[in-house]
Amino acid sequence: LAKTTQPISMDSYEGQEVNITCSHNNIATNDYITWYQQFPSQGPRFIIQGYKTKVTNEVASLFIPADRKSSTLSLPRVSLSDTAVYYCLVDPGGRYSTLTFGKGTMLLVSP
Amino acid sequence: DAGITQSPRHKVTETGTPVTLRCHQTENHRYMYWYRQDPGHGLRLIHYSYGVKDTDKGEVSDGYSVSRSKTEDFLLTLESATSSQTSVYFCAINDITDYYGYTFGSGTRLTVV
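Residues numbered from 1 in each chain as written. Chains lettered and ligands numbered in written order. Predicted model: local features only at pLDDT ≥ 70, side-chain atom pairs only at ≥ 80, totals over all residues. Heavy atoms only, no water.

### Some words on the packing of aromatic side chains
The geometry of an aromatic ring pair is captured by two quantities: the separation of the ring centres and the angle between the planes.
Part 1: Here the structure, examined in full by the defined rule, presents 13 aromatic pairs over all chains.
Part 2: Between the aromatic rings of B:Y33 and B:Y102, the centroid separation amounts to 4.3 Å while the plane-to-plane angle is 20 degrees, which identifies the pairing as stacked. Taken together, the positions of B:Y33 in strand β4 (residues 31-38) and B:Y102 in the loop between β9 (87-94) and β10 (103-104) put the pair 69 residues apart, joining distant regions of the chain.
Part 3: The rings of A:Y36, A:F46, A:Y87, A:F101, B:Y33, B:Y35, B:Y48, B:Y50, B:Y102 and B:F104 are connected pair by pair, giving a single aromatic cluster.
Part 4: Between A:R68 and the ring centre of A:Y51, over which it is positioned, the NZ or CZ distance is 4.0 Å. (Phe/Tyr/Trp six-rings, centres within 6.5 Å; stacked < 30°, edge-to-face > 60°. Helix = DSSP H or I, 4+ residues; strand = E, 2+ residues; numbered from the N terminus. Lys NZ or Arg CZ within 6 Å of the ring centre and 35° of its normal.)

The structure is reproduced here in structure tokens:
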């Protein structure tokens, strides 16, 4: 199972773009890259998933270079409500696979 | 999240007593999971199920058992609660045929005294 490494914490201000980079050097050919968000006292929430290149949804963008050894979650124009822990995971997919969570990145957005 | 509920939300129990946590879903998803979350450890998988009566162990299964007799219910039992099992427990569901990630419940905060 590919291990992920991401910064423990990041600070930002309202209105800025935030990029959180995750490294997954041992990612396998069939693995997807998935990001979750967790607010205090809540369960994690799925944000975005990608395999390669760029994926965008209403919440975030995910950039994955050709070698797939890293990925960057981009949050445009963050607000105070984006303060949360963000988890980068490698998802093997498949019928019997499970997700392994690391410690995530604590993003603090200030006024 | 709508479609998945955990009960109870909070529980205090004494060491040595059995405890059962319930996860109920209305999404008819085949896959269900129990995680625990502790400071410094993140979320760790306890047990999971890929169908009725089909379960498997996760990373930290010692001291826990599960049962799934219906698609909608996944029960986590602490056979004899210990203080080390004080934690926040999250249930999750997944539909791999139409993937939108795992959907997590709101959690159960369990304190063993």
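### Focus: the state of the cysteines
Part 1: For the coordinates displayed, the defined rule picks out two disulfides over all chains.
Part 2: Covalently, A:C22 is tied to A:C88 through a disulfide, its sulfur atoms 2.1 Å apart. Residues A:C22 and A:C88 share a disulfide whose torsion about the S-S bond is about -80 degrees; that sign makes it left-handed. Highlighted residues: A:C22 in strand β2 (residues 18-23) and A:C88 in strand β8 (residues 84-91), separated in sequence by 66 residues. The two residues A:C22 and A:C88 agree in class, both being buried.
Part 3: A sulfur-sulfur separation of 1.9 Å characterises the disulfide bridge that pairs B:C23 with B:C91. Residues B:C23 and B:C91 are joined through a disulfide that is left-handed, its torsion about the S-S bond being -75 degrees. One end of the pair, B:C23, is in strand β3 (residues 19-25); the other, B:C91, is in strand β9, and 68 residues separate them in sequence.
Part 4: Under the relative-accessibility criterion, B:C23 is labelled buried at 0%. (Disulfide = S-S within 2.5 Å. Buried < 20%, exposed > 50% of the residue type's maximum accessible area, 1.4 Å probe, protein only.)

### Quick look at the nonpolar core
Part 1: Within the largest apolar cluster, 21 residues are counted, with the highest numbers of intra-cluster contacts made by A:I33, A:W35, A:L73, A:L75 and A:Y86.
Part 2: Secondary structure elements with two or more residues in this core: β2, β3 (32-38), β4 (45-50), β6 (61-64), β7 (70-75), β8 and β9 (105-110) of chain A.
Part 3: The contacts of A:Y86, once residues within four sequence positions are left out, are A:Q6, A:I20, A:W35, A:Y36, A:Q37, A:I47, A:L73, A:L75, A:G104, A:T105 and A:L107.
Part 4: Core analysis: the next-biggest nonpolar cluster, separate from the first, contains 19 residues, B:V19, B:V60, B:Y89 and B:V112 among them. (Core = buried A, V, L, I, M, F, W, Y, C linked by side-chain atoms within 4.5 Å. Contact = heavy atoms within 4.5 Å.)

### Considering the sheet that holds strand β8 (residues 73-78) of chain B
Residue and element names in this part refer to chain B.
Part 1: Here four strands make up an open sheet; going across it, the order is β1-β3-β8-β7 and the pairing antiparallel. Two strands lie at the open edges of the sheet, namely β1 (4-7) and β7 (64-70), each paired on one side alone. Taking each pair of neighbouring strands and ignoring which way they run, the sheet shows an average axis angle of 20 degrees.
Part 2: Pairing analysis gives six bridges linking β3 to β8, with the strands arranged antiparallel. Within β8, the residue paired with L21 across the bridge is L76. (Pairing = 2+ DSSP bridges. Axes fitted to C-alpha atoms, helices over the stretch in contact; angles between N-to-C directions.)

### Digging into the layout of surface pockets
Part 1: Reported here for the largest pocket is a volume of approximately 380 Å³.
Part 2: Every residue lining the largest pocket is counted, 20 residues in all, and those nearest its centre are A:Q38, A:P40, A:V85, A:Y87 and B:Q37.
Part 3: Residue assignment for the lining of the largest pocket shows that the elements contributing at least two residues are β8 of chain A together with β4 and β9 of chain B.
Part 4: No other element matches the three residues that β8(A) contributes to the lining of the largest pocket.
Part 5: Of the residues assigned to the lining of the largest pocket, the class counts are nine nonpolar, eight polar and three charged.
Part 6: Of the volumes computed, that of the second largest pocket is approximately 260 Å³.
Part 7: Lining the second largest pocket are 14 residues, with A:K3, A:T4, A:T5, A:F101 and A:G102 sitting closest to its centre.
Part 8: For the lining of the second largest pocket, the class distribution of residues is six nonpolar, six polar and two charged. (1 Å grid on protein atoms, 1.4 Å probe; cavity = no way out; pocket = protein on both sides within 12 Å on 5 of 7 lines; lining within 4 Å. Points joined across faces, edges and corners; volume = space filled by probe spheres on them. Nonpolar A, V, L, I, M, F, W, Y, C, P; charged D, E, K, R; others polar.)

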